[in-house]
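Geometric and topological summary
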Amino acid sequence: MNSRFHVPQNHLGIHHEACNLRPLHAQVGGHVCMKIYDDRYVCKPLNRRELQFYQCIPKQLSPLVPGFVGTLTIGNDEDGEEFYSSTSKSSSNSVKTSASDYLVLENLTMGYKKPCVLDLKMGTRMYGDFASEAKRQSQKKKTVKTTSAKLGVRFCGSQRFSVSKNNFEKLDKYVGRKATETEFRDLLENFFNNNGILRTDIISYVINEVRDMRKSLLQLDQFRFYSSSLLIIYEGRQFSDFSEMEEPRSFESEDSMDCDSFTPPIRSKKKSLAKIRIIDFANATMPGVFEDDRVHEGPDAGFLLGLENLQEILESLVDYEPKARKP
């Protein structure tokens, strides 16, 4: 079994308490219900195409996506008791797809006390090569009505921690579907408003990450990330000094959304200000993997357009002095 996926000893068919698999409270987008397993992992209902994508992902793309660990199956034994079993990421594609099968990915919010999470739907096309004509037409109509058509990016959901209210403010995908270009910019500004100020330090970090991501994706010929999202996460807890973000910390369980406990790994470098990852690959395609897909030339222009416009909007926020807002 893969060494990164630490399941209890004699994991195959072992009995667990149901509380080991819990709803992912930090989920802000998507139409499938994701769960947390053992604090360290996110369990997503298994899609065979997405599983193949993760299993065949090239090295240059790995740093840009969540770490893939394997699969998890939940069922009932002959006595009707629940059991959990797992396979590592190196296993074959023989996993049987059902409602109780999950992709196991790293929990990107682990280590955050008040994770602010933003889900951005990327690209100008939201359907895969295998989509029916009805699906294609439906998605095209939806895209034309949103910022996806012109900007290549649209708001798909967020949660932002409000220090003044001491709770999370959540916005869903329907806000993004109605948002104009100006309103999209305002949504980004609001997301990065934290502790009473616009977090230009985090925005600047995200800009650099987006710039590097663009360079990496330009090298990926024939890849298409249809209907994939960009996930941005930063720490929203109240700081007496923002330099506290410079060093890794251990956070207490009572304030964590999804982690019962956390002991950060030993790192040789300072903790990053934010995490930026591409997620959701049920409609993606890559060369040599999906036989029935059409062959695409060059990199994913729609996704790259979204990254370019996102970068420009974020750069305008750094140069802009917004009115004071509540933290």
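Residues numbered from 1 in each chain as written. Predicted model: local features only at pLDDT ≥ 70, side-chain atom pairs only at ≥ 80, totals over all residues. Heavy atoms only, no water.

**Brief notes about the overall build of the chain**
- Each helix and strand counted, the chain has seven helices and 14 strands in total.
- Counting all 327 residues of the chain, 50% fall into the buried class.
- A sequence separation of at least 24 residues applies to 78% of the contacts in the chain between residues at least 6 apart.
- As presented, the chain carries roughly 16,100 Å² of accessible surface, and 48% of it is formed by carbon and sulfur atoms. (Helix = DSSP H or I, 4+ residues; strand = E, 2+ residues; numbered from the N terminus. Buried < 20%, exposed > 50% of the residue type's maximum accessible area, 1.4 Å probe, protein only. Contact = heavy atoms within 4.5 Å. Areas by Shrake-Rupley, 256 points an atom, 1.4 Å probe, with all protein chains shown as cover.)

**Let's talk about the side chain of Ser227**
- Position of Ser227 relative to the elements: it lies in the loop between α6 (200–218) and β13 (229–235).
- Filtering out sequence-adjacent residues up to four positions away, Ser227 remains in contact with Lys121, Met122, Arg125, Met126, Asp280 and Asn283.

**Description of the nonpolar core**
- Counting 56 residues, the largest nonpolar core has Leu61, Leu120, Phe192 and Leu217 as its most contacted members.
- Discounting residues that sit within four places of it in the chain, Phe192 has contacts with Ile197, Leu198, Arg199, Ile202, Ile203, Val206, Ile232, Tyr234 and Leu314.
- In terms of nonpolar packing, the next biggest core, distinct from the first, is built from nine residues, Tyr41, Val69, Leu72 and Tyr102 among them. (Core = buried A, V, L, I, M, F, W, Y, C linked by side-chain atoms within 4.5 Å.)

**Considerations on the packing of α6 against helix α7 (residues 301–319)**
- Where α6 contacts α7, the two axes come as close as 9 Å, and the packing angle between them is 155°. Taken together, α6 and α7 sit at an angle that is classed as roughly antiparallel. Between α6 and α7 the crossing geometry is left-handed. Residues Thr200, Ile203, Ser204, Val206, Ile207, Val210, Arg211, Met213, Arg214, Leu217 and Leu218 of α6 form the contact with α7, whose participating residues are Phe303, Leu304, Leu307, Glu308, Leu310, Gln311, Leu314, Glu315, Leu317 and Val318.
- Its residues assigned to classes, the contact of α6 with α7 comprises 14 nonpolar, three polar and four charged. (Axes fitted to C-alpha atoms, helices over the stretch in contact; angles between N-to-C directions. Parallel < 35°, antiparallel > 145°, perpendicular 65-115°, else oblique. Left-handed = near helix turned anticlockwise from the far one by under 90°. Nonpolar A, V, L, I, M, F, W, Y, C, P; charged D, E, K, R; others polar.)

**Considering α6**
- For α6, which comprises 19 residues, the first-to-last C-alpha distance of 27 Å matches the rise-based estimate of 27 Å (1.5 Å per residue) to within 8%.
- By the burial criterion, the buried members of α6 are Ile202, Ile203, Val206, Ile207, Val210, Met213 and Leu217. Along α6, the residues classed as buried sweep out an arc of 140° about the axis, all on the same side.
- Elements in contact with the buried residues of α6: β12 (197–198), β13, β14 (274–279) and α7. (Expected span 1.5 Å × (residues − 1). Arc of directions from axis to C-beta.)

**A word on the confidence of the model for the chain**
- Here the chain averages 80 in pLDDT, while 71% of its residues score no lower than 70.
- Counted against residues more than four places away or in other chains, residues 79–83, with its pLDDT under 50, gives 17 contacts. (pLDDT = per-residue confidence, 0-100.)

**Points about α7**
- The end-to-end C-alpha distance of α7, which contains 19 residues, comes to 27 Å, matching closely the 27 Å that a straight helix rising 1.5 Å per residue would cover.
- Turning to α7, its buried residues are Gly302, Phe303, Leu304, Gly306, Leu307, Asn309, Leu310, Gln311, Ile313, Leu314 and Leu317.
- One side-chain oxygen of the residue at the start of α7 lies 3.2 Å from the amide nitrogen of Gly302, identifying that residue as Asp300. (Polar contact = N/O pair within 3.5 Å; in protein donor to acceptor, adjacent residues only side chain to side chain.)

**Here we look at the environment of Ser62**
- You can see Ser62 is positioned in the loop between α1 (48–55) and β5 (68–76).
- Residues Ser62 and Arg277, spaced 215 residues apart in sequence, show a C-alpha to C-alpha distance of 9.8 Å.

**Thoughts on the packing of helix α5 (residues 181–191) against α7**
- Remark: α5 packs on α7, axes separated minimally by 10 Å, with the N-to-C direction vectors making an angle of 60°. Taken together, α5 and α7 sit at an angle that is classed as oblique. In the crossing of α5 with α7, the sense of the turn from one axis to the other is right-handed. Facing α5, whose interface residues are Phe184, Arg185, Leu188 and Glu189, α7 presents Leu310, Ile313, Leu314, Ser316 and Leu317.
- Taken together, the residues of the contact of α5 with α7 sort by class into six nonpolar, one polar and two charged.

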